[in-house]
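Letter by letter, the chains look like this.
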Amino acid sequence: MSVFVDIAEQAPPDAARPGKARPKPKRAWLTKFGLPILSVIAFFVVWEIAALSGVWSETFVPYPSTVWRAFVDLSTTHDGVRGYQGYLLWEHLYMTLRRVFAGVIVGVVLGVLLGLAMGTFSWVRRLLEPWLTFLRALPPLAYFFLLVIWLGIDEAPKITLLALAALPPAAVATTAAVVAAPVGLVEAARALGASPRQVVRDVVIPSALPETFTGIRLSVGMAYSSVVAAELFNGIPGIGGVVKDASNYNNTPVVLVGIFAIGISGLIIDGVLRAVEVRAVPWRGKV
């Protein structure tokens, strides 16, 4: 069993630690849920005031009610029209999430493996780090058209673009975490007779997991920020395709519906990743 798991199991909970005051349940609830709800309400109030002011035309700042009607139209069949371009909103979102999921899986797996190799072997880090930095500096549109030339306009260039966007954060975070593995624990494991493989498995990887999870969350965010670029061509069904197509006709309400769909689904996915991190890395902040 990993030394990190043993420490996590023996560490007392926060409430049991001396000098650690347990927050009041009501105040904790207000902080956790009340403030986010208040910020959302404030956002919509400011939005409504900006729309009512008449400073900007409705093309630039539509009313929240107009965006709500666009959301209902995209989610239902109305006047014989099914959603947007024949697909309902959930179908567009499903296709986008499927592409993001495939790209993130490929990018994160390759990124974590590269990070382990780069953190463990300095010569691998010197060999690959310039290329990784080069890729990080490129905006997605810079190489998406090249991917279209190479791979066509079907799913391959979209998933490849999302994978390339997700790879650098996972690789950089994992590399930094492996390099920063506690030297004392590594030396202690070696002194106890652990083999190099056991040191990596039982000390280095558990030590790197917290930062690796942070890199994964950043990878998902980078992939999500590249969705619209990935769905520029043949992107319908897909939220990015909807946003791009609606923007061609200055259909701001539909563009905002697509933006909200991407943002809210991204928040949900990040929350799921946080929950998985809490369970997978119980020793975070305790060693």
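For every chain, the first residue of the written sequence is number 1, and numbering continues from 1 along that sequence. Since the coordinates come from a predicted model, pLDDT governs what is reported: local features require at least 70, and pairs of side-chain atoms require 80 or more to be given and counted, while whole-chain, interface and lining totals use all residues. Only hydrogens and water are removed before side-chain values are computed, so all heavy atoms of the structure are retained for them.

Chemist: If you had to explain the environment of Leu138 to someone new, which residues and values would you point to?
Modeler: Runs of E in the DSSP output that reach at least two residues are strands. Runs of H or I that reach at least four are helices, and both are numbered from the N terminus. With respect to the helices and strands, the residue Leu138 is situated in the loop between α5 (122-137) and α6 (140-151). The exposure class of Leu138 is partly exposed, given its relative accessible area of 28%. Measuring from C-alpha to C-alpha, the distance between Leu138 and Ala165 comes to 9.3 Å, with 27 residues separating the pair along the chain. Throughout, exposure labels follow a simple rule: accessible area from a 1.4 Å probe, protein chains only, divided by the maximum for the residue type, with under 20% read as buried, over 50% as exposed, and the rest as partly exposed.

Chemist: Could you give an account of the packing of helix α3 (residues 64-75) against helix α12 (residues 252-280), naming the residues involved and the relevant values?
Modeler: The relative placement of two packed helices is expressed as an angle between their axes plus a distance between the axes. An axis is simply a line fitted to the C-alpha atoms; with a helix, the fit covers only the stretch in contact. Between two such axes, the angle follows the N-to-C directions and lies from 0 to 180 degrees. Contact pair α3 / α12: the axes reach a minimum separation of 8 Å and the direction vectors enclose 75 degrees. When the axes of α3 and α12 are compared, the pair comes out roughly perpendicular. Within the contact between the two elements, α3 uses Thr66, Val67, Ala70, Phe71 and Leu74 and α12 uses Pro253, Val254, Leu256, Val257 and Phe260. Three classes are used: nonpolar for Ala, Val, Leu, Ile, Met, Phe, Trp, Tyr, Cys and Pro, charged for Asp, Glu, Lys and Arg, and polar for all others, with Gly counted as polar. Of the residues contributing to the contact of α3 with α12, the split by class is nine nonpolar, one polar and no charged. Oblique is the label for any angle not under 35 degrees, not over 145, and not in the 65 to 115 range, which are roughly parallel, roughly antiparallel and roughly perpendicular in turn. By definition in these notes, contact holds between two residues if any of their heavy atoms fall within 4.5 Å.

Chemist: Run through a nonpolar patch on the surface, naming residues and quoting values.
Modeler: Patch membership is restricted to residues that have no salt bridge and whose relative accessible area is over 30%. Joining uses 9 Å for like charges and 5 Å for the nonpolar side chains Val, Leu, Ile, Met, Phe, Trp and Tyr. With residues, only the protein chains shown are counted as cover, and all accessible areas are computed by Shrake-Rupley using a 1.4 Å probe. Note on definitions: salt bridges are taken to be side-chain nitrogens of Lys or Arg within 4 Å of carboxyl oxygens of Asp or Glu. On the surface, Trp29, Phe33, Ile37, Ile41, Val45 and Ile49 cluster together to form a nonpolar patch covering roughly 600 Å² of accessible area. Its location among the elements puts Val45 in helix α2 (residues 25-53). Take Val45: its relative accessible area is 44%, and that puts it in the partly exposed class.

Chemist: Tell me about the pattern of salt bridges, residues and numbers included.
Modeler: Scanning all chains against the criterion turns up eight salt bridges. Between Glu231 and Arg99 there is a salt bridge, with its nearest N and O atoms 2.7 Å apart. Here Glu231 is found in the loop between α10 (227-230) and α11 (239-248), whereas its partner Arg99 is found in helix α4 (residues 89-120), with 132 residues between them in sequence. You'll find Glu231 and Arg99 in the same group, each marked buried. We note a salt bridge from Asp270 to Arg274, for which the minimum N-O separation is 3.2 Å.

Just distances and angles here, no functional claims.
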